[in-house]
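Take a look at the letters that make up each chain.
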Protein chains: 4
Amino acid sequence: MIDIALFGLGRIGIMHGKNLMRSKDFNLKYIYDIEQKLSKKYSKTLKTKAINNPSLAYKDKDIKAIFIASTTSTHIKFILDGVKNKKIIFCEKPLDLSIKKIESCKKKIKRLNPKIQLGFNRRYDPTHNNLKKQLLSGKIGKLEKIIITSRDPAPPTMKYLKESGGIFRDMMIHDFDLVRFYLGNDQPAKIIASGSNITDKRFDKINDFELASTIIRSKAGVQCIITNSRHCSFGYDQRIELFGSKGMLISENKRQNETSLYSAQSTSNKSPLLNFFIERYKDAYKNQLKDFAKFIRKKIQPLAGFEEGRKALIIANAAQKSLQSKKFEKLNL
Amino acid sequence: MIDIALFGLGRIGIMHGKNLMRSKDFNLKYIYDIEQKLSKKYSKTLKTKAINNPSLAYKDKDIKAIFIASTTSTHIKFILDGVKNKKIIFCEKPLDLSIKKIESCKKKIKRLNPKIQLGFNRRYDPTHNNLKKQLLSGKIGKLEKIIITSRDPAPPTMKYLKESGGIFRDMMIHDFDLVRFYLGNDQPAKIIASGSNITDKRFDKINDFELASTIIRSKAGVQCIITNSRHCSFGYDQRIELFGSKGMLISENKRQNETSLYSAQSTSNKSPLLNFFIERYKDAYKNQLKDFAKFIRKKIQPLAGFEEGRKALIIANAAQKSLQSKKFEKLNL
Amino acid sequence: MIDIALFGLGRIGIMHGKNLMRSKDFNLKYIYDIEQKLSKKYSKTLKTKAINNPSLAYKDKDIKAIFIASTTSTHIKFILDGVKNKKIIFCEKPLDLSIKKIESCKKKIKRLNPKIQLGFNRRYDPTHNNLKKQLLSGKIGKLEKIIITSRDPAPPTMKYLKESGGIFRDMMIHDFDLVRFYLGNDQPAKIIASGSNITDKRFDKINDFELASTIIRSKAGVQCIITNSRHCSFGYDQRIELFGSKGMLISENKRQNETSLYSAQSTSNKSPLLNFFIERYKDAYKNQLKDFAKFIRKKIQPLAGFEEGRKALIIANAAQKSLQSKKFEKLNL
Amino acid sequence: MIDIALFGLGRIGIMHGKNLMRSKDFNLKYIYDIEQKLSKKYSKTLKTKAINNPSLAYKDKDIKAIFIASTTSTHIKFILDGVKNKKIIFCEKPLDLSIKKIESCKKKIKRLNPKIQLGFNRRYDPTHNNLKKQLLSGKIGKLEKIIITSRDPAPPTMKYLKESGGIFRDMMIHDFDLVRFYLGNDQPAKIIASGSNITDKRFDKINDFELASTIIRSKAGVQCIITNSRHCSFGYDQRIELFGSKGMLISENKRQNETSLYSAQSTSNKSPLLNFFIERYKDAYKNQLKDFAKFIRKKIQPLAGFEEGRKALIIANAAQKSLQSKKFEKLNL
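Here is a short report on the structure shown in this document. (Residues numbered from 1 in each chain as written. Chains lettered and ligands numbered in written order. Predicted model: local features only at pLDDT ≥ 70, side-chain atom pairs only at ≥ 80, totals over all residues. Heavy atoms only, no water.)

## Details of the overall build of chain A
When you go through chain A residue by residue, the secondary structure sums to 13 helices and 15 strands. For chain A, whose C-alpha radius of gyration is 20 Å, the value lies close to the compact-globule estimate of 20 Å for 333 residues. The burial tally for chain A puts 64% of its 333 residues in the buried class. Summarising the internal contacts of chain A: among those between residues at least 6 apart in sequence, 71% fall at separations of at least 24. (Helix = DSSP H or I, 4+ residues; strand = E, 2+ residues; numbered from the N terminus. Rg over C-alpha atoms; globule rule 2.2 N^0.38 Å. Buried < 20%, exposed > 50% of the residue type's maximum accessible area, 1.4 Å probe, protein only. Contact = heavy atoms within 4.5 Å.)

## Quick look at the packing of helix α5 (residues 99–110) of chain B against helix α13 (residues 306–325) of chain B
Helix-helix packing is described using two parameters, namely the angle between the two axes and the distance between the axes. All names here are of chain B. It is at 10 Å that the axes of α5 and α13 come closest, and there the two elements cross at 155 degrees. Of the possible angle classes, the one that applies to α5 and α13 is roughly antiparallel. α5 and α13 meet at a crossing whose hand is left-handed. From α5, Ile99, Ile102, Glu103, Cys105, Lys106 and Ile109 reach across to α13, where they touch Phe306, Glu307, Arg310, Leu313, Ile314 and Asn317. Residue classes in the contact of α5 with α13 are distributed as seven nonpolar, one polar and four charged. (Axes fitted to C-alpha atoms, helices over the stretch in contact; angles between N-to-C directions. Parallel < 35°, antiparallel > 145°, perpendicular 65-115°, else oblique. Left-handed = near helix turned anticlockwise from the far one by under 90°. Nonpolar A, V, L, I, M, F, W, Y, C, P; charged D, E, K, R; others polar.)

## What about the relation of the copies chain B and chain D?
You can overlay chain B on chain D at an RMSD of 0.0 Å; the transform is a turn of 180 degrees with a shift of 0.0 Å along its axis. Here the two chains are linked by the operation of a two-fold rotation axis. When C-alpha positions in chain B are compared against the rotation axis, the closest is assigned to Lys327 of chain B, at 1.9 Å. Take the interface residues of chain B: 100% of them recur as interface residues in chain D, which is what a same-surface contact looks like. (Least-squares fit on C-alpha atoms with pLDDT ≥ 70 in both.)

## Things to note about the packing of helix α4 (residues 75–84) of chain C against helix α5 (residues 99–110) of chain C
Residues and elements named next belong to chain C. Between α4 and α5, the least distance of the axes is 11 Å, while the angle of their chain directions is 0 degrees. In terms of orientation, α4 and α5 fall into the roughly parallel class. Residues Ile76, Ile79, Leu80 and Val83 of α4 form the contact with α5, whose participating residues are Lys101, Ile102, Cys105, Lys108 and Ile109.

## Focus on the sheet that holds strand β1 (residues 2–7) of chain C
Residue and element names in this part refer to chain C. In spatial order, the strands read β3-β2-β1-β4-β5-β6; together these six strands make up an open sheet with parallel pairing. Only two strands of the sheet have a single neighbouring strand rather than two, namely β3 (49–51) and β6 (116–118). Taking each pair of neighbouring strands and ignoring which way they run, the sheet shows an average axis angle of 25 degrees. Across three bridges, strand β5 (residues 88–91) lies against β6 in parallel orientation. (Pairing = 2+ DSSP bridges.)

## Here we look at the interface of chain A and chain C
Counting residues at the interface gives 45 residues for chain A and 45 residues for chain C. When the two sides are added together, the surface that chain A and chain C hide from each other amounts to roughly 3400 Å², 56% of it contributed by carbon and sulfur. Scanning the region where chain A abuts chain C turns up four salt bridges. In this structure, Arg239 of chain A engages Glu241 of chain C in a salt bridge whose closest nitrogen and oxygen atoms are separated by 3.1 Å. Viewed at the interface, chain C and chain A are joined by 32 residue pairs in polar contact (both at pLDDT 80 or more). If you list the elements that add at least two residues to the side of chain A that touches chain C, you get β7 (143–151), β8 (188–196), β9 (211–218), β10 (223–229), β11 (237–244) and β12 (247–251) of chain A. (Buried area = accessible area lost by both parts, 1.4 Å probe. Salt bridge = Lys/Arg side-chain N within 4 Å of Asp/Glu carboxyl O. Polar contact = N/O pair within 3.5 Å; in protein donor to acceptor, adjacent residues only side chain to side chain.)

## Some points on a positive patch on the surface
Together, Lys18, Arg22, Lys24, Lys282, Lys286 and Lys290 of chain A together with Lys18, Arg22, Lys24, Lys282, Lys286 and Lys290 of chain D line one region of the surface with positive charge. When residues of the positive patch are traced back to their parent elements, those giving at least two are α1 (11–22) and α12 (282–298) of chain A together with α1 (11–22) and α12 (282–298) of chain D. Among the secondary structure elements, Arg22 of chain D is positioned in helix α1. (Patch = residues over 30% accessible without salt bridge, like charges linked within 9 Å, V, L, I, M, F, W, Y side chains within 5 Å. Areas by Shrake-Rupley, 256 points an atom, 1.4 Å probe, with all protein chains shown as cover. Lys, Arg positive; Asp, Glu negative; His and termini not counted. Charge placed at Lys NZ, Arg CZ, Asp CG, Glu CD.)

## Quick look at the interface of chain B and chain D
Taken together, the contact between chain B and chain D spans 45 residues of the former and 45 residues of the latter. Contact with chain D buries surface across chain B, with Glu144, Ile198 and Phe243 of chain B losing the most and accounting together for 16% of the total. Taken together, the links from chain B to chain D amount to four salt bridges. The closest approach of N and O atoms between Arg151 of chain B and Glu241 of chain D, which form a salt bridge, is 2.9 Å. Here chain B is connected to chain D by 32 residue pairs in polar contact (both at pLDDT 80 or more). When residues of the side of chain B that touches chain D are traced back to their parent elements, those giving at least two are β7 (143–151), β8 (188–196), β9 (211–218), β10 (223–229), β11 (237–244) and β12 (247–251) of chain B. Here the side of chain B that touches chain D is composed, by residue class, of 17 nonpolar, 15 polar and 13 charged.

## Here we look at the pattern of salt bridges
Going through the model one piece at a time under the given rule, you end up with 83 salt bridges over all chains. We note a salt bridge from Asp175 of chain B to Arg122 of chain B, for which the minimum N-O separation is 3.1 Å. Placement of Asp175 of chain B in helix α9 (residues 173–183) and of Arg122 of chain B in the loop between β6 (116–118) and α6 (126–136) is noted, with a sequence separation of 53 residues between them. Taken individually, Asp175 of chain B and Arg122 of chain B each receive the classification buried, so the pair is uniform in this respect. Between Arg280 of chain B and Asp125 of chain B there is a salt bridge, with the nearest N and O atoms lying 3.0 Å from each other. Taken together, the residues Arg280 of chain B in helix α11 (residues 277–280) and Asp125 of chain B in the loop between β6 and α6 connect sequence positions 155 residues apart. In terms of burial, Arg280 of chain B and Asp125 of chain B fall into one category: buried. Connected through salt bridges with shared partners, the residues Glu103, Lys106, Glu307 and Arg310 of chain A form a single ionic network.

## Observations concerning the relation of the copies chain A and chain C
For the pair chain A and chain C, the best superposition has an RMSD of 0.0 Å and corresponds to a rotation of 180 degrees with a translation of 0.0 Å parallel to the axis. A shared binding surface is used by both copies, with 100% of the interface residues of chain A retained as interface residues in chain C.

## Topic: the packing of aromatic side chains
In total, this model carries 60 aromatic pairs over all chains according to the counting rule given. The interplanar angle of 70 degrees and the centroid separation of 5.5 Å between the aromatic rings of Phe90 of chain B and Phe292 of chain B together place this pair among those described as edge-to-face. With Phe90 of chain B in strand β5 (residues 88–91) and Phe292 of chain B in helix α12 (residues 282–298), this pair connects stretches of sequence that are 202 residues apart. Phe292 of chain B carries the same exposure label as Phe90 of chain B, and that label is buried. Three or more aromatic residues link up through ring pairs in this structure, and these residues are Phe26, Phe67, Phe90, Phe292 and Phe295 of chain A. Against the face of Phe181 of chain B rests Lys132 of chain B, its NZ or CZ located 5.3 Å from the ring centre. (Phe/Tyr/Trp six-rings, centres within 6.5 Å; stacked < 30°, edge-to-face > 60°. Lys NZ or Arg CZ within 6 Å of the ring centre and 35° of its normal.)

## Here's the deal with the sheet that holds strand β15 (residues 329–330) of chain C
Overall, mixed pairing links the nine strands, which are arranged β14(B)-β13(B)-β12(C)-β11(C)-β7(C)-β10(C)-β9(C)-β8(C)-β15(C) in an open sheet. In this open sheet, the two strands that pair with only one neighbour each are β14 (269–270) of chain B together with β15 of chain C. Note that strand β9 (residues 211–218) of chain C and strand β10 (residues 223–229) of chain C share seven bridges and pair antiparallel. Bridged to Ser213 of chain C within β10 of chain C is Thr227 of chain C. Strands in contact with helix α9 (residues 173–183) of chain C are β7 (143–151), β8 (188–196), β9, β10 and β11 (237–244) of chain C; relative to β7 of chain C, the strand with the most contacts, it is inclined by about 155 degrees.

Written as structure tokens, this is what we have:
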């Protein structure tokens, strides 16, 4: 088993902790959180040892890998320290909100032959991933359009939103990455975005948006449309449509169960969608972890690494810029 | 165009009248109903001539065909008279409620080389019919099970029900015919039925059932399950499932429109089903009429004839008998 | 019945002719086409009289209405002449490809109290129309997004395409009108478009596109996304999604039949979509005609008139302009 | 945590072992199998101790519960021994193939106040279970029909089949139990069955069937239809339909993923169904285990106990008997 240390014990950190604990591949040796109470509390649940200082993990030669699930602003520092100490890194998205910090980090670690996997979990979703396989197998001919719908069931707290970097850097970044995933060797070439607030006017006050839409055009001419919403009355709406010269592939929503109700009012009423990312992407998180184990053991490149994080942020920044310029912004990836 | 006379102007007669009027193949020359008021009334709508006596149609040499949509008890007489007068016959289902009368009629017309099409409209439904085509093309391998669901939106009047011959002879007779349609050269060999009343106890008083289920077993061992209900809160439920060694074919319900509603309560709420046979089998009735024109012009045997009516009634009678014997009744078709 | 004359006997004109012939409301008194052979040929099928000169229709005082289904370039002239002769007009979309000609026509007929219905048939589709009703009834709360997918099964001839005015004026114009239909009192405020060619490079030669995507933003902030394609391997893809604060409404595709096939390879295989507009919008065309009869008889404003045609073209022109400017173009409707 | 011993390490025993190992509620202290090699082999995987003799588990006072997943013929003996040693029992279905042995066991343990849960896992399936909840809440009014489809992807080995007790006692027993689950206070009153072999004639040699259909009629008149097949080309077909006076509930199939493919041949092609019970009823097995923990800790009666096993077998025997008598057999439960 691979000895690993987990940094960060927020909602997603705890989920990763449970997956690490149950995994056949990993031994969760240490957990660390800036709040010591949290690490102590979860050391029991996760059957592991709480440490007060990340350096204890770095110094332990048995520790092969660091799993970073802490606040975004700490990611780069933990990556730098981890890489310097020859650890293999898993880092949650986004890398950081500043492209400068990311570029600087890239330079610093270049010579150290860094091994970093990034938490773009959706690439590992069985259905989203199956679309990629069928696309590669030629089922729909040449790819012509990518249409992604992503709607959260409810917005996060205002506190979170204020520090989130805005809907493009915090939420749509997943979709920017998926566009790159499906484009493969083709590249996003330009982007234009639109944002607006209709129902929840609190977003106006923080210069952010509850609703956003984007068109990305690839070098080959593929038109990629992304539509996001920070709320969705019927659950976590996650759909992808790939349209090609010979067919179409859709990744459809997952529901809570397979009940279908017929009555005088309407027919075929299905259950609500799975509520949010922890339920919806449960399998994706597990597959991602298996891929991380392969990355460590067999040096097989994971589906998403440091470059995926860097490029997705560049696209997000261009989307944000297009809001002011009101025009297509070029992308140099 | 083929000159034709329509007998019977009840709900289904009027529907057929409209189809005849709009058809490129037929010239609706006469209409006749035992109630002269009705024929007069509809002669305008249907742009045709009302006659007081069927013999006027029989004597008119231009009249090639008689379309019988009158009360069941008059069918055999009109068939006999029509055939004697060398008319080609279309007769609504059922032929009659008495198998004796049917057998006697069969004998009488045998030498006259009768040309009779029977109104088993469901064989002409685009989807039900497509199942037959795909079955014949081998898509699901050997046929092993036929499962038919048929539920009327609401029961007819008690007056109608009393004279209907009961659920097996009046309603399930369609499904008995469909079983024969899909079995093809194979034959129904035995049958057992169950009937009960749970919600609408009026059926008890007339020794009839609102709910019925049947298992038919074919000579080759195909198990055919039919489930009927005289009421259905969500519309006219019409489904067929063919299960075979290599796959399954389903003829799914038709809805009023293609709207799908998502809300906090449930997802993918579709519109109610098409309400009843006139809407649901609109295309089937049109295709049936086209087939009748071909039958007349090119002597191509239609999908259902006199024998289909006779055999379906034999099955219905056996179903009824099995209710008393509580055992499988043999079928000699 | 309303005496009417039909101008233009191309594919869509003949379809309208048949609907007029079968309608209870209309008496198709004359047909006219610039090619006399055509009018002669169809005078039989449509049981009507061919005329060599439109003026015969204008002069006939019994003629209440003119149905214009001729080439786009002739629409404005027929409208002008028809209105001057006090006829009520039905005109196929688009009004014209030149906004100047349209504005000029608008001025000329203003004082004549013109009665003009425009052939934006999709507003009359039972499912698309049901979405509008459910939206108005508050089922999905405040409207936030409109997402329209429209893909033709195959491109028209190059000859047609060269004179079509391009994908935005010829094809997406339907969707621009639908956006206005669902926005209601809200207004499209700005638009940006993207066009590209991936599979069928012939479009490059005529400066047109096989693929187009558009974001329209309304005054209230509603984000409207339209995606078009001139080809679609699986049929005529026609979908609409309305997303609101309390739910979502989808107008789903219509298929050829309701067959569903299960096999070792895949499950629930449905039949291809209805092939093209004449089949897909059959009910819409009939409903549109009923609305035209109401317009004539009861002076009830139809769902689409001259202004709908004018405004849709303004949007299409702005879409085209945004391709050069690469930025959002303002809309003044 | 509850100390537990697992008997039987076949495919399903190993699955239960893994669930017990991962459960927060149980400590899997011992495993036992008649083949010592198996227990040794799995003691590592399941992080537990292999024992050579069940009595070691009975004698250990810390052991609260025995989990029986061994061959059917050993169930009754283990139940008797377990109950005598005051252990709480979980036993896989079926209890036994001999109703006499079961009745005798019932008498023997009566005074010992036995606590036995039976492995009718389908009652715990989230969707099947949701149907029961919605039925109880009145969503579909009075229950009138229960229609259950159950088809295994492929038959077991001939060796297994020979000792299985036949399709009614081995396979349809699950569905008999589900009928009782949905009927609630109502009771199955009579049953008739049909069995046949069409594709796989090996079943003829062992007097068993690849295909079976059954009608059960309840005291209240509910008609219950069960259709089984030992093979199914498209996966593990598991569907339930509850039809009532006010609506219908369907428990639909679960697929491998949510991909939907559109092409020139067909539209909306979904992925194959989940292959077999371990994948399909993964959540059901987990929920069942949670219920067992509640049963032990809080003495809350589980969804299925000894009586459910006994009554399901009585129904299966009557089904078998009806094959010879060819008539409805009465059920005294």
